[in-house]
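# Report on the structure
Letter by letter, the chains look like this.
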Amino acid sequence: METHIAAVNSIKAYEQAATLLQDGQLVAFPTETVYGLGAIATNAKAVAAIFEAKGRPSDNPLIVHIGTKQAVEQYCTNVSTLAKQCMASFWPGPLTLVMQAKPNTLATNVTAGLSTVGVRMPDHPVALQLLQTVNAPVAAPSANRSGKPSPTRASHVYDDLVGRIPLILDGGRTGIGLESTVLDVTQHPPVILRPGGVTKEMLEQVIGEVKEAKLTDAPEAPRAPGMKYTHYAPNAPVYLIEESTEKITAALTELAHERVALIAPASCTVQAPIRISLGESADIAVNLYDALRECDKTDATIILVTATTTEGVGTAIMNRLEKAAGGRWYKTTV
Ligand code: AMP
Ligand code: MG
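This write-up is about the structure you can find in this document.

Analysis parameters
Residues numbered from 1 in each chain as written. Chains lettered and ligands numbered in written order. Predicted model: local features only at pLDDT ≥ 70, side-chain atom pairs only at ≥ 80, totals over all residues. Heavy atoms only, no water. Core = buried A, V, L, I, M, F, W, Y, C linked by side-chain atoms within 4.5 Å. Buried < 20%, exposed > 50% of the residue type's maximum accessible area, 1.4 Å probe, protein only. Helix = DSSP H or I, 4+ residues; strand = E, 2+ residues; numbered from the N terminus. Contact = heavy atoms within 4.5 Å. Patch = residues over 30% accessible without salt bridge, like charges linked within 9 Å, V, L, I, M, F, W, Y side chains within 5 Å. Areas by Shrake-Rupley, 256 points an atom, 1.4 Å probe, with all protein chains shown as cover. Salt bridge = Lys/Arg side-chain N within 4 Å of Asp/Glu carboxyl O. Phe/Tyr/Trp six-rings, centres within 6.5 Å; stacked < 30°, edge-to-face > 60°. Lys NZ or Arg CZ within 6 Å of the ring centre and 35° of its normal. Axes fitted to C-alpha atoms, helices over the stretch in contact; angles between N-to-C directions. Parallel < 35°, antiparallel > 145°, perpendicular 65-115°, else oblique. Left-handed = near helix turned anticlockwise from the far one by under 90°. Nonpolar A, V, L, I, M, F, W, Y, C, P; charged D, E, K, R; others polar.

## Thoughts on the nonpolar core
Counting 49 residues, the largest nonpolar core has Met99 and Leu183 as the members making the most contacts within it. Of all the secondary structure elements, the ones that give two or more residues to this core are strand 3 (35-40), helix 2 (44-54), helix 3 (72-75), helix 4 (81-90), strand 6 (95-101), strand 7 (116-120), helix 6 (154-161) and helix 7 (200-207). Beyond its immediate sequence surroundings of up to four residues, Met99 is in contact with Val72, Cys76, Val79, Ala83, Met87, Ser115, Thr116, Val117, Val119, Val185 and Thr186. Listed in part, the 28 residues of the second largest apolar core include Ala236, Val238, Ala291 and Ala307.

What follows is the structure in C-alpha cells.
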C-alpha cells in the first residue's frame, strides 16, 4: 500500500480522508496532543485494522474522538453531572473521559470488550474539521507502532506506518506533545488513569477530589489496560538520571565503553558523545517524543535522560519517561 501525506490547505484533503474512513480504511491526523490513527468507531473491521497496523495488543482499548460535546449521549450512558462539568471546562481539549458505554453503538473491539469507553473531543482545527466532514465517531490511538514514542510530526507517522496506511493529514507539529489525560469518571472519586496536559490540580479546581492511579498498579491490576505495556521506547535502553552535572559526568565516565546519548534540557551543559536537547524547561513536553525518536537515528547503545519536576504537567512527562525507561534509573557511584 502506498502512503500519501496530504497538506490540509484544501477541502479536498478532508473529503479524501472522509471517503477513506467511510470505506473502512485508516487515516492519520493531527490532534493537539499527538497524531492519531483513525478509523470509524462503529466499524469493527476498520477498528481491527488499527490494531493490525500498530501491532497493538487487542486488549488495549482505543479512545473515541467526537466532534461535538452532544455526541457523548449517543455512545455513553449514565453521563454524570461531574462528567458534564469536565466537558464544559476542558472540551474541546486533552481530557479523555472513561464512561459507561451505550451497548450496541460502538464496535466491541474499540473498548476491548470493556463496558466502559474512553471519549474525548480534540482541540485541533484539522481533527475537528475531519470529524465534522466524516460525521461519525473516530477511534484513534496514537499513530505509532505499538511500544514506540508517540508521533508529534507527520514524518514520525510516516516512519512508523509507511506501507500500512493510505493517508496522513499533515497539520505540522502537534502543540502539547503528550497524550491526553485519561480520567475514569465511573469511579468515586474519579481516578486519573494516565496523566496528561490537563493536570490533577486543574481537574480538582472544577470537580473536587481526584485520585491518581499509581504506575505500580500495573501489571497486576491495570485499570487502563495500556498501563501494562512497554511504551514510548527507543531501540537502545533508556535510563533516568538526576539533572546533576556531577552525576551525569560520573555516569559518562563509567559508560566510556558505550555510545551514550544524553537527552537533557538546554540548560544542562554537560557534553556527551551524542547530545539531544529537550529545549527550554517549558518546552520539554513538546520536544520529548522528538528527542526519544531522534535516538533511533543515531548509533547510541544506551540513553540517559534527565528527570524533571513532577509539578503540573511534569507528572505526565515523568510518567512517560518512567515507562520509556521501564522504571530504570542509572545509579552512579557518586
Ligand atoms: P492511546 O490510544 O495510545 O492514546 O492509549 C489510550 C489509553 O487510554 C490507553 O492507556 C488505554 O488503556 C486507555 N483507555 C482507553 N479506553 C479505556 C477504557 N474504556 N477504560 C480504561 N482505559 C481506557
Ligand atoms: Mg499510544
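Still more ground to cover, so stick around.
## Here we look at a nonpolar patch on the surface
A cluster of nonpolar residues, Ile5, Tyr158 and Val162, forms a patch on the protein surface that exposes about 240 Å² of accessible area. By the element assignment, Val162 lies in the loop between helix 6 and strand 9 (167-170). By relative accessible area, which is 41% here, Val162 ends up partly exposed.

## Examining the packing of aromatic side chains
Enumeration over the complete set of coordinates arrives at 2 aromatic pairs. Aromatic pair Tyr232 and Tyr289: ring centres 5.5 Å apart, planes at 25°, arrangement stacked. In this pair, Tyr232 sits in the loop between strand 12 (211-212) and strand 13 (238-241) while Tyr289 sits in helix 9 (residues 284-295), placing the two residues 57 residues apart along the sequence. Summarising the burial analysis for this pair, Tyr232 and Tyr289 share the class buried. Centre to centre, the rings of Tyr239 and Tyr330 are 6.2 Å apart; their planes meet at 85°, and the pair counts as edge-to-face. With Tyr239 in strand 13 and Tyr330 in the segment after helix 10 (314-324), this pair connects stretches of sequence that are 91 residues apart. Exposure remark for Tyr239: the relative accessible area of 22% places this residue in the partly exposed category. For Tyr330, a relative accessible area of 17% puts it in the buried group. For the cation-ring pair, Arg328 lies above Tyr239, with the distance from its terminal atom to the ring centre recorded as 5.0 Å.

## Looking at the packing of helix 4 against helix 7
The N-to-C vectors of helix 4 and helix 7 enclose an angle of 120°; their axes lie 10 Å apart at closest approach. Between helix 4 and helix 7, the angle falls in the class oblique. When the axes of helix 4 and helix 7 are compared, the crossing they make is right-handed. Residues Leu82, Gln85, Cys86, Ser89 and Phe90 of helix 4 pack against Met202, Leu203, Val206 and Ile207 of helix 7. Residue composition of the contact of helix 4 with helix 7, by class: 7 nonpolar, 2 polar and no charged.

So far we have only geometry, and geometry alone does not tell us how the molecule works.
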